[in-house]
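# Tertiary structure, described
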Protein chains: 2
Amino acid sequence: MKDLPDDSFHVFDTTLRDGAQREGINLTVADKLTIARHLDDFGVGFIEGGWPGANPRDTEFFARARAEIDFKHAQLVAFGATRKAGVRAEDDAQVRALLESGAPVITLVAKSHDRHVELALRTTLEENLAMVRDTVAHLRSQGRRVFLDCEHFFDGYRANAPYAKQVVSAAHEAGAEVVILCDTNGGMLPGQIDAVVRTVLADTGARLGIHAQDDTGCAVANTLAAVDAGATHVQCTANGYGERVGNANLFPVVAALELKYGRRVLPEGALEEMTRISHAIAEVVNLTPSTHQPYVGVSAFAHKAGLHASAIKIDPDLYQHTDPERVGNTMRMLVSDMAGRASIELKGKELGIDLGDDRALVGRIVERVKERELAGYTYEAADASFELLLRQEVEGRPRRFFRVESWRAIVEDRPDGTHANEATVKLWAKGERIVATAEGNGPVNALDRALRVGLERIYPQLATMELVDYKVRILEGKHGTESTTRVLVSTADGQGEWSTVGVGENVIAASWQALDDAYAYGLLRAGVDPRE
Amino acid sequence: MKDLPDDSFHVFDTTLRDGAQREGINLTVADKLTIARHLDDFGVGFIEGGWPGANPRDTEFFARARAEIDFKHAQLVAFGATRKAGVRAEDDAQVRALLESGAPVITLVAKSHDRHVELALRTTLEENLAMVRDTVAHLRSQGRRVFLDCEHFFDGYRANAPYAKQVVSAAHEAGAEVVILCDTNGGMLPGQIDAVVRTVLADTGARLGIHAQDDTGCAVANTLAAVDAGATHVQCTANGYGERVGNANLFPVVAALELKYGRRVLPEGALEEMTRISHAIAEVVNLTPSTHQPYVGVSAFAHKAGLHASAIKIDPDLYQHTDPERVGNTMRMLVSDMAGRASIELKGKELGIDLGDDRALVGRIVERVKERELAGYTYEAADASFELLLRQEVEGRPRRFFRVESWRAIVEDRPDGTHANEATVKLWAKGERIVATAEGNGPVNALDRALRVGLERIYPQLATMELVDYKVRILEGKHGTESTTRVLVSTADGQGEWSTVGVGENVIAASWQALDDAYAYGLLRAGVDPRE
């Protein structure tokens, strides 16, 4: 745990718990682990991982996160409820599961709206307070840091302010480090948030946090309003994922705090990773990154030509509210330029390929990337394909370990309900013509196996490589008629993992391209010389 | 002009001018006319149509809008700049074009940031003030209502507050009805907007408006902050379209004003049309409506968590910040493995399937959903597959319009780089055995066509149905060895759209299942009786 901004302000991420409530998101344990790593890289202070005990997936996540992730910045947080009515906290199975998760921090959710206590929880207002006190005290006695989410706080405050405040005080007095006021239904506006947070802070003395939902389109502003009023803990989700409209978006919240308030809430240099992290998380949840997201969208610093363009030439600051590089984004002039010269040069440096001062070469690569991205390729999620492209331009010809003559895949559904998947590839390697056929659990798998069967004798290094992830997306055609398929493949060789991209008029053809790149890159990595 | 809220508050729409700056939007004159009709139906007070004289499209729009649209609520607004430096307003061609547009209202844009006057406009601060005064006075003398946009007002105010205020006063004194403070770069936060609007209002006495861009994710809140501070004119765009991140979104702004502030800013009943109008405008500009847009997104009132669902059964107001019907939207229950009995019952009700008090039946459905979701299915994104499952459980047997004996798909990559995709299906329908073969642009497309070729004679209703979206996801297997493929298909029939899911050991098999469900559901929708 180093380079952590001090504990006086908490950036608390709940993508894995509340963000997963978004319609269309369905995370596997592996997805959750990947996202946790990205969030930790980004430097949030707390990562709420789920509700251990509520479902087997979340229980498994906590076990694996503890074993597999060496957190650099973040503390792992387990989410759960206060004890049931009429049960001792230490006897409550759900509370026990929170402890058993091993998470050093626990966020408890409690009702603070009198009507919810009576209608949804079906207990008395007094028992609800006892449930808060007992559960907080029990978890504290077990050595855990405890935060308490007051669900529906703002609606509850409107209905019965004294009771809502009693819940805050009960948690605070029992040892909860932060009490989070939640706008669960998301109906609040900044002025209301400001007034309530100020009053509750003055009346209870508790350290307060804010959890805002975006139903009025004001979640970011509501979060900042709470900070203005004295809250020192913000709960957000990456890209604003969350139920209904979503949660307060982590990225514009931390950007406002760092760039507009001048308050350091992330480790040094983290903000410059924001655009990359935002897009990487979108890829994991398999949602197209919003092009118009503040700070990190590809359009966020894009200017249409004309009035603005000429002024930007004089001074970019005239037409930008912040320098896009501070959030890892780039200014774009439309129509043109996705990957600028500077980023290509930087990327080359990163890959150890010296592009020197060859302006013509860099210009050619920029053109090539633009042209390919227009056709549907995406290199930000396919580093290995990008490196192959870069090397091809630098070396003047592709590095090819084999040449494909043709291939064929057949999928057959039999009357008994089983499937046969068979593929044949015809290729050339080191002057030899190879024809190989294989079966697989699907057509892409069959192609993959046929390729390996054909090549493994010549390139034994292929035996160490394994396809570990595979994603398909249908892209809308530029002219709205024909659609294009994009496939992203991740391959691993025990030492590391790389991603490649293929684009084509159908899923098999696009997959084939991605596989072709995957093995070409794998052999390059393995130090094989294609000319031998 | 009837049923208009009084002139004391202006809802001013600039979708057709500033909204059209969004990357990816390219409006024809016909598009602009259609959007103007929708906005007028919705009941905004002002529709800014473009910059007549700046391009032929905008000039034509004004001519045709005057001739073709009988505005019920809105006044048409022409946008343009103050006169050039050193020219009389009456001699300025651009100013003349504004008058010739015939628009009853003209919005002039003027610089209010000293640095922009000097660097971009290349004139003196004094001449800029004269340009404002002369142009406003000239247009007023020609009988037009005049509003004045102070471009970069907030940045300008920070740099040189006295000068920024002089521009406001110059416009106000020359007869501009409203002076609009523009956050052109979109970098402001609500607290800053509030403070500046209050001061400028007190110091100049001008009627003020607000124009906010969304670069900090706070455009809606910034607009409301200006209203709180005394602005009585809000400039917005439908769905927040606009340059870079976008403009203040018209819909959450008017919804907040009407539902949260209790201020009537639209004609009676207009708000209930909001969801429809939002989607209709998205169709015209050819952008997929944002599913997560506040108030109007299809997910805006969708509930997923089991915890919430059981409370919603007791009282929907516990988990909704406003009644979705007030904005023309509807509540939806999402079915997922987080859901319990309550959400299944609500979903049944939504689909018009009475599950009555049959606890055993509901329990069986919950189990079935959990078991299927564990296997990789996801019903929250596949309403139609869920309804088929529900009906199967209720009716005790599946509704099948056809029975598949077997199918086969072949993809072949030829040496010349082209692909052949061919599929054959063998099936039974109404006692008849059918064998059909078709080609397609991919294996799934070929299967889809073969299925249609085989069935269209028996079910002519299939001709109206079309596959409109297709998504593939590879899920990690339970034991980390075998992976599972999930396919989501959206199908449309001109009347509506439905989604189905398929899961299998390969992409083709999973696609086949989703297609099978898609057509079964389509035929059910079309009222076909499977037993005939």
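Conventions and cut-offs
Every chain's residues receive numbers from 1 upward, in the order its sequence appears when written. To read the labels, note that chains go from A and ligands from 1, taken in the order they are written. Predicted model: local features are reported for residues with pLDDT of at least 70 only, side-chain atom pairs are reported and counted for 80 or more only, and whole-chain, interface and lining totals are derived from all residues. Derived side-chain values reflect all non-hydrogen atoms in the structure, with water molecules and hydrogen atoms excluded from consideration. UniProt positions are given in the numbering used here, feature names are shortened, and annotations may be inferred rather than shown by experiment. Contacts were defined at the residue level, with two residues in contact if any of their heavy atoms lie within 4.5 Å. The rule for a salt bridge is simple: a side-chain nitrogen of Lys or Arg has to be within 4 Å of a carboxyl oxygen of Asp or Glu. Pairs of N or O atoms within 3.5 Å make up the polar contacts considered here, provided that, within protein, one atom can donate a hydrogen while the other can accept it, and that residues adjacent in sequence are counted only when both atoms are side-chain atoms. Starting at the N terminus, helices and strands are each numbered in turn, a helix being any DSSP run of H or I of at least four residues and a strand any DSSP run of E of at least two. By the convention adopted, Pro, Cys, Tyr, Trp, Phe, Met, Ile, Leu, Val and Ala count as nonpolar, Lys, Arg, Asp and Glu as charged, and the other residues, Gly among them, as polar. Here, strands pair whenever DSSP counts at least two bridges between them. A 1.4 Å probe rolled over the protein chains alone gives each residue an accessible area, and that area as a share of the maximum for its type sets the label: buried under 20%, exposed over 50%, partly exposed in between. Consider the strands pointing away from the viewer: the crossover is right-handed when the path from the first strand over the helix to the second runs clockwise. Boundaries between domains were set according to an automatic or database domain assignment. Using a 1.4 Å probe, buried area is obtained as the accessible area two parts lose upon being combined, added over both of them. We place a 1 Å grid over just the protein atoms. Points where a 1.4 Å probe fits but has no way out form a cavity, open points with protein on both sides within 12 Å along at least 5 of 7 lines form a pocket, and any residue with an atom within 4 Å of a point lines it. Grid points are joined across faces, edges and corners, and a volume is the space filled by probe spheres set on the points. Working convention: axes come from line fits to C-alpha atoms, limited for helices to the stretch in contact. Angles between N-to-C directions cover 0 to 180 degrees.

You'll find chain A entered in an unreviewed UniProt entry as Citramalate synthase, with Streptomyces antioxidans given as the organism. Among the UniProt annotations of chain A, the heading Catalytic activity (unreviewed entry) holds the following wording: "pyruvate + acetyl-CoA + H2O = (3R)-citramalate + CoA + H(+)". Per UniProt, chain A has the following entry under Sequence similarities (unreviewed entry): "Belongs to the alpha-IPM synthase/homocitrate synthase family."

In this assembly, 89 residues from chain B lie in contact with 91 residues from chain A. On the surface where chain B and chain A come into contact, there are zero salt bridges. Here chain B is connected to chain A by 17 residue pairs in polar contact (both at pLDDT 80 or more). Ranked by residues supplied to the side of chain B that touches chain A, first place goes to strand S11 (residues 403–413) of chain B with 10 residues. Partitioned by chemical class, the residues of the side of chain B that touches chain A number 39 nonpolar, 23 polar and 27 charged. Here strand S11 (residues 403–413) of chain A runs beside S11 of chain B; their pairing, made up of seven bridges, is antiparallel.

Residues and elements named next belong to chain B. Counting buried residues along strand S4 (residues 105–111), seven of its seven residues qualify, which places the element largely inside the surrounding structure. Looking at chain direction, strand S3 (residues 75–81) and S4 are connected through five bridges and run parallel. Bridging across to S4, Phe 79 finds its partner in Thr 107. Tracing the backbone out of S3, into helix H3 (residues 93–100) and back to the parallel element S4 gives a crossover that is right-handed. Bridge analysis of S4 against strand S5 (residues 145–151) gives seven bridges, and the strand direction is parallel. Residue pairing for S5: Val 109 is matched across the bridge by Asp 149.

Interfaces are often described in size by the accessible area the parts lose on coming together. Residues and elements named next belong to chain A. Segmentation of chain A into domains returns domain 1 (10–285) and domain 2 (302–375). A separation of 38 Å is found between the C-alpha centroids of domain 1 and domain 2. Listed per partner, the contact involves six residues of domain 1 and seven residues of domain 2. Taken over both partners, the interface formed by domain 1 and domain 2 buries close to 580 Å², and the fraction arising from carbon and sulfur atoms is 52%. On the domain 1 side of the contact with domain 2, Leu 259, Glu 272 and Thr 275 bury the most area, a combined 68% of that side's loss. Our count for the contact surface shared by domain 1 and domain 2 stands at zero salt bridges. Between domain 1 and domain 2 we count three residue pairs in polar contact (both at pLDDT 80 or more) in total. For the side of domain 1 that touches domain 2, the elements supplying multiple residues, two or more each, are helix H10 (250–260) and helix H11 (274–285). Classifying every residue of the side of domain 1 that touches domain 2 by side-chain character gives three nonpolar, one polar and two charged.

Residue and element names in this part refer to chain A. Counted by the stated rule, this structure contains one cavity of 30 Å³ or more. One number sums up the size of the largest cavity: a volume of about 40 Å³. In this structure, the largest cavity is lined by Glu 283, Asn 286, Lys 471, Val 472, Arg 473, Arg 486 and Leu 488. Elements that contribute at least two residues to the lining of the largest cavity include exactly strand S14 (466–475) and strand S15 (484–492). When its residues are assigned to classes, the lining of the largest cavity shows two nonpolar, one polar and four charged.

Residue and element names in this part refer to chain B. Read around the barrel, eight strands follow the order S1-S2-S3-S4-S5-S6-S7-S8 and close on themselves; strand pairing throughout is parallel. Sheet twist, expressed as the mean angle between neighbouring strand axes with direction ignored, is 25 degrees. In terms of strand pairing, strand S7 (residues 208–212) meets strand S8 (residues 233–236) through two bridges, oriented parallel. Opposite His 211, over in S8, you have Gln 235 as the bridge partner.

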